[in-house]
Amino acid sequence: MSDEIVIRAEGLGKKYRIGHEAERERYVALRDVFARSAKHFWRKTADMALGRALVLGDSFEEFWALKDVSFEVKRGEVLGIIGRNGAGKSTLLKILSRITEPSEGRVAIKGRVASLLEVGTGFHPELTGRENIYLNGAILGMTRAEIKKKFDEIVAFAEVERFLDTPVKRYSSGMYVRLAFAVAAHLEPEILLVDEVLAVGDAEFQKKCLGKMDEVSRREGRTVLFVSHNMGVVTSLCPAAMWLDGGSIREFGMAREVINGYLSCRKYEGERVVQLTNIARPLWLQDNRLRLRSFEWLCDLPLRHGERIGARIRFGTRAPVSAVSVGIGFSTFGGTRLLTYETDLQDDPRPDLRQPGEYTVEVEIDALPLAPDLYNVDIGCRSGDFHGLDYLPACSQAEIVAGANTPGAIVRRGAGVRLPSDWAWGAAVETSGSERVE
């Protein structure tokens, strides 16, 4: 393996055996019970003899979580891994972390690997934060002197000084993630594997983590593999991306091109209605009187530049809320807001919702000014001018294509917002010297 290549996967595959219960008849004879028990006994005995995992159920099937996955990652690269739930992203990271063995193929890794795959990965719940820092460092092969040298930086980054001598089983999920990421990033592994676990942290901490990952890759030459459903984060952090689909690599290349293909494929898969109840909220939201429920497009998809669009937002309240305003925004994948529509920007006053219950608000836009491209959709709700009630950045994605009257010159990526304006043409007149043409 070349000195520049630190991860090489060749034909990786991971197979699981899934058990299924047969539909039970209402009446079963005693001989059938004995026959079924004997069948289960001999099958489990065979599985144990062959070293296979025991599977419960009357029958089983083989499921390939990964199949024929081959790729290379060079030293210092940051690779984003995207795909739908169940595509095999977490399984791949578990194989690279040596948590599980592949069923076929091989992977060669050069250097120490630190992984952050789920809240509390590698932590012993009965040990304190201080003890777990030293434990994780030892697992990575570092000496006590090396860990001690980095100890203060880890604690400062994680912001858990007050709870350093408290068993981590008493930590909140946010504290768990802060400490786990600080340990993984500061104890100098050559390769850092990060799953979607960072979504547990608040917006400020996520920004801090992304900055740290960028630092360890660009300045320190370490390799980062980052799994995320947030396309904006992947775009801003990862020059390259790998799209997993059904356990196989669908596309591998420049991040923006891979993400465009991924989102273009997804737009036909029921994105007209987006359920918002199970999406993690930013930790700074302390008021839970109002929660966004769903977002629904009331127009054809994909959206068309220069044409009418409409949307409906559903939300519920559990207590009276005054001066409510709702907004929808379109942002780049890098997180820059390009366009915002709010109920504030009209003549109607902000309503006072005195009765707890379910509400809807609809928006209609006569001519969408965003140029053809792919965008994140942000949805938020507040009371008054500044009091945030609920906010879901990048909760969905929207593709905008050229409309019937879209000029061909702007049918390209990165064209931004095109607003109507009044222009007046004048006739050309003869000029001399430095006179202008009017």
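The structure this text deals with has already been given above.
Residues numbered from 1 in each chain as written. Predicted model: local features only at pLDDT ≥ 70, side-chain atom pairs only at ≥ 80, totals over all residues. Heavy atoms only, no water.

## Overview of the overall build of the protein
We count it as follows: Elements are defined by DSSP. Helices are runs of H or I of four residues or more, strands are runs of E of two residues or more, and each kind is numbered from the N terminus. For each residue, the accessible area found with a 1.4 Å probe, counting protein chains only, is set against the maximum for its type, and the residue is called buried under 20%, exposed over 50%, and partly exposed in between. Two residues form a contact once any of their heavy atoms are found within 4.5 Å. Accessible surface is estimated by sampling points in the Shrake-Rupley manner with a 1.4 Å probe; for residues, cover comes only from the protein chains shown.
Of the regular secondary structure elements, the protein holds eight helices and 18 strands. Here the protein holds 438 residues, and the buried ones make up 43% of them. Contacts in the protein between residues far apart in sequence, at least 24 positions, make up 71% of those at least 6 positions apart. Accessible surface, the protein: about 23900 Å² in total, of which carbon and sulfur atoms supply 50%.

## Quick notes on the nonpolar core
As a rule of thumb, soluble globular proteins bury nonpolar side chains together. For clarity, the threshold we go by: We call a set of buried Ala, Val, Leu, Ile, Met, Phe, Trp, Tyr and Cys residues a nonpolar core when their side-chain atoms join them within 4.5 Å.
Formed by 53 residues in total, the largest nonpolar core has its most connected members in I82, I133, L179, F181, M213 and F226. Once you skip the residues sitting within four places of it in the chain, L179 turns out to touch F123, G129, I133, I154, A158, V160 and Y171. Listed in part, the 32 residues of the second largest apolar core include L292, C299, I379 and C381.

## Remarks on helix α5 (residues 173-186)
Stated precisely, the cut-off is as follows: To estimate the expected span of a helix, count its residues, drop one, and scale the result by 1.5 Å.
For α5, spanning 14 residues, the distance from its first C-alpha to its last is 20 Å, which sits close to the expected 20 Å at 1.5 Å a residue. Within α5, 13 of the 14 residues are buried, which leaves the element mostly enclosed by the surrounding structure. Of the residues trailing α5, E188 is marked for its positive phi of about 55°.

## Regarding the packing of helix α3 (residues 129-139) against helix α4 (residues 144-158)
Our working definition: Here, axes are lines fitted to C-alpha atoms. For helices the fit covers the stretch in contact, and angles between N-to-C directions go from 0 to 180 degrees. Between 65 and 115 degrees an angle is taken as roughly perpendicular, under 35 as roughly parallel, over 145 as roughly antiparallel, and anywhere else as oblique. Crossings are classed by handedness, with left-handed meaning an anticlockwise turn of the near helix from the far one by less than a right angle and right-handed meaning a clockwise turn. Three classes are used: nonpolar for Ala, Val, Leu, Ile, Met, Phe, Trp, Tyr, Cys and Pro, charged for Asp, Glu, Lys and Arg, and polar for all others, with Gly counted as polar.
Remark: α3 packs on α4, axes separated minimally by 10 Å, with the N-to-C direction vectors making an angle of 130°. Considering the angle they form, α3 stands oblique to α4. Read as a crossing pair, α3 and α4 show a hand that is right-handed. For the pair formed by α3 and α4, the contact residues are R130, I133, Y134, G137 and A138 on the first element and R144, I147, K148, F151, I154 and V155 on the second. Here the residues of the contact of α3 with α4 are counted per class, giving seven nonpolar, one polar and three charged.

## Points about a nonpolar patch on the surface
What counts here: The patches reported here contain residues having more than 30% relative accessible area and no salt bridge. Joining distances are 9 Å for like charges and 5 Å for nonpolar side chains (Val, Leu, Ile, Met, Phe, Trp, Tyr). Here a salt bridge means any side-chain nitrogen of Lys or Arg lying within 4 Å of a carboxyl oxygen belonging to Asp or Glu.
Residues L338, V417 and L419 make up a contiguous nonpolar surface patch of roughly 240 Å² in combined accessible area. Checked against the element boundaries, L419 lands in the segment after β18 (387-401).

## Quick look at the packing of α4 against α5
Their axes nearest at 8 Å, the elements α4 and α5 cross at an angle of 145°. Relative to α5, α4 is oriented so that their crossing is right-handed. Residue-level contacts link K150, E153, I154, F157 and A158 of α4 to R178, L179, F181, A182, V183 and H186 of α5. Tallied by class, the residues present in the contact of α4 with α5 amount to seven nonpolar, one polar and three charged.

## Some words on the sheet that holds strand β8 (residues 240-245)
For clarity, the cut-off: Two strands are said to pair when DSSP picks up at least two bridges between them.
On the basis of which strands lie adjacent, the open sheet formed by six strands has the order β5-β6-β7-β3-β8-β9 and mixed pairing. Lying at the two open borders of the sheet, with one neighbouring strand each, are β5 (113-116) and β9 (248-254). Neighbouring strand axes in the sheet, compared pairwise and without regard to direction, differ in orientation by 15° on average. Here strand β3 (residues 78-82) runs beside β8; their pairing, made up of four bridges, is parallel. By the bridge assignment, G80 is partnered in β8 with A241.

Don't take any of this as a statement about function, it's just geometry.
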